[in-house]
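Here's the letter readout for the chains.
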Amino acid sequence: MPASARGLARLACAFTALAPARALDNGVGRTPARGWLSWERFACTVDCAAAPNGCISERLYMEMADAMVAGGWRDAGYEYVDVDDCWLARARDASGRLAADPERFPSGIRALADYVHARGLKLGLYTDVGATTCEGYPALDVPVSGEADVPSVGASRGYAADLALLASWGIDPLKVDGCNQPTDHYAVTYPRVSRALNATGRAVLLSCSWPAYMQARARTAATRREAPAPLPAAT
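All residue numbers here refer to positions counted from 1 along the written sequence of the relevant chain. Given that the model is predicted, a residue must reach a pLDDT of at least 70 before its local features are reported, and side-chain atom pairs must reach 80 or more before they are shown or counted; all residues, however, enter totals for whole chains, interfaces and linings. With hydrogens and water excluded, all non-hydrogen atoms of the structure serve as input to the side-chain values.

Visitor: How should I be thinking about the overall build of the protein chain in this particular structure?
Guide: Runs of E in the DSSP output that reach at least two residues are strands. Runs of H or I that reach at least four are helices, and both are numbered from the N terminus. Of the regular secondary structure elements, the protein chain holds six helices and five strands. A total of 235 residues make up the protein chain; the buried ones form 40% of that total. Once local pairs closer than 6 in sequence are excluded, the contacts in the protein chain between residues at least 24 apart make up 71%. For every accessible area listed, the method is Shrake-Rupley and the probe measures 1.4 Å; residues are considered covered only by the protein chains on display. Accessible surface computed for the protein chain: about 12,300 Å², of which carbon and sulfur atoms make up 54%. Throughout this description, buried means an accessible area under 20% of the type-specific maximum (1.4 Å probe, protein chains only), exposed means over 50%, and partly exposed covers the range between. Contacts: residue pairs with any heavy atoms within 4.5 Å of one another.

Visitor: For this particular structure, what's the right way to read helix H4 (residues 159-168)?
Guide: For an α-helix, 3.6 residues make a turn, and residues three or four places apart therefore share a direction. Taken across its 10 residues, H4 has nine buried, putting it largely inside the fold. If you check which residues of H4 are buried, you get Tyr159, Ala160, Ala161, Asp162, Leu163, Ala164, Leu165, Leu166 and Ala167. Buried residues along H4 sit against strand E3 (122-128), strand E4 (173-177) and helix H5 (186-198). Two residues or fewer after H4 comes glycine 170, characterised by a positive phi angle close to 85°.

Visitor: Can you walk me through the state of the cysteines in this structure?
Guide: We call a pair of cysteine sulfur atoms a disulfide whenever their separation is within 2.5 Å. Applying the stated criterion across every chain, the model contains three disulfides. With a sulfur-sulfur separation of 2.0 Å, cysteine 48 is cross-linked through a disulfide to cysteine 55. Because the sign of the S-S torsion sets the handedness, a value of about 95° for the bond joining cysteine 48 and cysteine 55 places this disulfide among the right-handed ones. Here cysteine 48 falls in the partly exposed class, since its relative accessible area comes to 25%. The exposure class of cysteine 55 is buried, given its relative accessible area of 1%. Ordinal numbering of bonded cysteines along the protein chain defines a disulfide pattern of 1-4, 2-3, 5-6.

Set out below in structure tokens:
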């Protein structure tokens, strides 16, 4: 089994259940999402010359899809092959669209999704609610104000156009991280992502990082409250 078969990890979206919640009944997310997420093992390894068997590339995800089938993971219910950060080119294309790195993903995400689907699995992709991902690649840059709630999906620019493009590639879940945007914007920007993604017409499982960032902020605040008072200066 190739090295890419190591580190099977469950992909999950955390929810806080403080009160009953309404959810979109689009057929996804009815059971816990199980599969493999590349970040747990390969993080943002992009130097394929130095790490040809372990860099973020279409080859890695194709090998993982094959390994999950051969190893019986698919039949055990692990159905997601999830691409995390660093799959993108460093800049948008000439039309302003998000694009996969042309050297590491020469066939494109649509072809990778087809490959994964042909093996009875689902392909997940990654983006961020901020202007860039955690590793500095182009992302949705969802605004907190100053526009209609859901722009036209047919628009050539903006986060709704980005989400329509990602959906058109045939992705199944989409992880939306929260780097590079203030957490107090999330109550506006993450719902915008959800509505725009639903407007694409493709049933995509949204894996949102909003709860994780809020939990981290709460832990930081608690640590500050519990920090001991500084000692008085020596006299």
